[in-house]
Amino acid sequence: MLEKYRPEFFPEVAKFARKCGNFFYVKLIIKTHARNWLPGECHVWREDGRIVAFSAAAYLNPDDAWLWGMRVDPDFRNKGVAARFTRAQLRVIRAAGRTWAGLNTLDHRKPAPTFRVMEKLGFRLEGTFADDVYWRRPKRVARPRLTPYRGIFGQFVELGLRVYFHQHPGWLSSRLIPARRRELNRLGFTLDGVPLMVRRWRYVEKGRPNSGVTVNLFDRPPDLDSFVPRLLALVPRRGHMVVNYPAEWSREFRAAARAAVPNMRKDHGYWPSAWRIYGKELK
């Protein structure tokens, strides 16, 4: 049974969520909704009176919702808990007036149980994207000047894209629908003629102000070896940049990034990942 999360549930949630990995993300999600940084709410799922799962629904805009932070007690996995919990959340989201729900899961070469659950629940694979975090910049590469491009929405639609990525405060995606046109076009730019969507934001970490940059790059640059160093020159001096791009480029893109920033490797200058984005229309 689904219940809205309450602070007194935290010890019970923490007991199993710590075993699931990335417990910091669960705490971030709880804090995000408790402080109204993002509309939505956290939920728990009970089996026989015991809390056995946690998840949250974020309302990204008047049309779209995002399911994030699903954690299931290891003792209750492979028992249909995630599927039942998700169905109940979809009913809550639909009642809140949203017409689409999305979520992400790490991409794997071999089919994962999560992929089968998504198909069972009627979710559609919207795309597979690399989301790489960079916090080191190449030396002796001047910070480039971006040129405004107010047709970025149409450009993305022509490419056949259905979703775009935005990071703060979590890793989220929304639909490319006409209602988002004005918002996206304000964030459109070109770098060396290549269209980009660039969002800048600020955050505080360990009491210090930082800057964040989120880039959606969907048009493949003609020469990644020359383009990537100029893109990485946009990494803030204090903060980080996330680049979202089609996963099929990842090997070449990351090779160009490592060549541009000597000694950069995973967890030392950048953090690579690839995600499957699933979405479901709510009728």
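In the block above lies the structure referred to throughout.
Source: prediction; values computed, not measured. (Residues numbered from 1 in each chain as written. Predicted model: local features only at pLDDT ≥ 70, side-chain atom pairs only at ≥ 80, totals over all residues. Heavy atoms only, no water.)

Caption draft 1: Expanded view of the packing of aromatic side chains. Across all of its chains, the model carries 16 aromatic pairs by this definition. Arranged with centres 6.3 Å apart and planes meeting at 80°, the rings of tyrosine 5 and phenylalanine 9 form a pair that is edge-to-face. We classify phenylalanine 9 as buried; its relative accessible area is 6%. Aromatic rings pair up to connect Tyr134, Tyr245, Trp249, Phe253 and Tyr270 into one cluster. If you follow arginine 46 out to its NZ or CZ, it ends over the ring of phenylalanine 9, 5.2 Å from the centre. Taking NZ or CZ as reference, arginine 150 lies 5.5 Å from the ring centre of phenylalanine 189, over its face. (Phe/Tyr/Trp six-rings, centres within 6.5 Å; stacked < 30°, edge-to-face > 60°. Buried < 20%, exposed > 50% of the residue type's maximum accessible area, 1.4 Å probe, protein only. Lys NZ or Arg CZ within 6 Å of the ring centre and 35° of its normal.)

Caption draft 2: Expanded view of helix 2 (residues 23–34). For helix 2, with 12 residues, the first-to-last C-alpha span of 17 Å sits near the 16 Å given by 1.5 Å per residue. Those residues of helix 2 that sit buried are Phe23, Tyr25, Val26, Ile29, Ile30, Thr32 and His33. Lining the buried residues of helix 2 we find helix 1 (10–17), strand 2 (40–47), strand 3 (50–59) and strand 4 (64–72). Where helix 2 ends, the next residue or the one after it, asparagine 36, has phi of about 60°, a positive value. (Helix = DSSP H or I, 4+ residues; strand = E, 2+ residues; numbered from the N terminus. Expected span 1.5 Å × (residues − 1). Contact = heavy atoms within 4.5 Å.)

Caption draft 3: Up close: the pattern of salt bridges. If you walk through the whole model with that rule in mind, you get 16 salt bridges. Between glutamate 3 and arginine 46 there is a salt bridge, and its shortest N-O distance comes to 2.6 Å. Taken as a pair, glutamate 3 in strand 1 (residues 2–4) and arginine 46 in strand 2 lie far apart in primary sequence, 43 residues in all. Across the salt bridge formed by aspartate 132 and arginine 254, the nearest N and O atoms sit 2.9 Å from each other. In this pair, aspartate 132 sits in strand 6 (residues 124–134) while arginine 254 sits in helix 8 (residues 250–260), placing the two residues 122 residues apart along the sequence. Within this structure, Asp63, Arg180, Glu183 and Arg199 form a network of salt bridges that share partners. (Salt bridge = Lys/Arg side-chain N within 4 Å of Asp/Glu carboxyl O.)

Caption draft 4: Here's a closer look at a positive patch on the surface. A contiguous patch of positive charge on the surface is contributed by Arg18, Lys27, Lys31 and Arg35. Mapped onto the elements, lysine 31 comes out in helix 2. Its relative accessible area of 37% is what places lysine 31 among the partly exposed residues. (Patch = residues over 30% accessible without salt bridge, like charges linked within 9 Å, V, L, I, M, F, W, Y side chains within 5 Å. Areas by Shrake-Rupley, 256 points an atom, 1.4 Å probe, with all protein chains shown as cover. Lys, Arg positive; Asp, Glu negative; His and termini not counted. Charge placed at Lys NZ, Arg CZ, Asp CG, Glu CD.)

Caption draft 5: View of the pairing of strand 16 (residues 274–281). In terms of burial, strand 16 is a largely internal element, 6 of the 8 residues being buried. Both strand 6 and strand 16 contribute to a ladder of 6 bridges, which runs antiparallel. Bridging from a neighbouring strand, arginine 124 pairs with glycine 279 of strand 16. (Pairing = 2+ DSSP bridges.)

Caption draft 6: Structural detail: the packing of helix 7 (residues 224–232) against helix 8. Put simply, helix 7 and helix 8 touch, their axes get as near as 8 Å, and they point 65° apart. Of the two elements, helix 7 crosses helix 8, and the hand of that crossing is right-handed. For the pair helix 7 and helix 8, the contacting residues are Leu224, Asp225, Val228, Pro229, Leu231 and Leu232 in the first and Glu252, Phe253, Ala256, Ala257 and Ala260 in the second. Across the contact of helix 7 with helix 8, the residue classes tally to 9 nonpolar, no polar and 2 charged. (Axes fitted to C-alpha atoms, helices over the stretch in contact; angles between N-to-C directions. Left-handed = near helix turned anticlockwise from the far one by under 90°. Nonpolar A, V, L, I, M, F, W, Y, C, P; charged D, E, K, R; others polar.)

Caption draft 7: Representation of the environment of glutamate 252 within the structure. As for its placement among the helices and strands, glutamate 252 is situated in helix 8. On the basis of relative accessibility, which here comes to 42%, the residue glutamate 252 falls in the partly exposed class. Taking the C-alpha atoms as reference points, glutamate 252 and proline 138, 114 residues apart in sequence, are found 17 Å from one another. Those residues in contact with glutamate 252 that lie beyond four places of it in its chain are Arg220 and Leu224.

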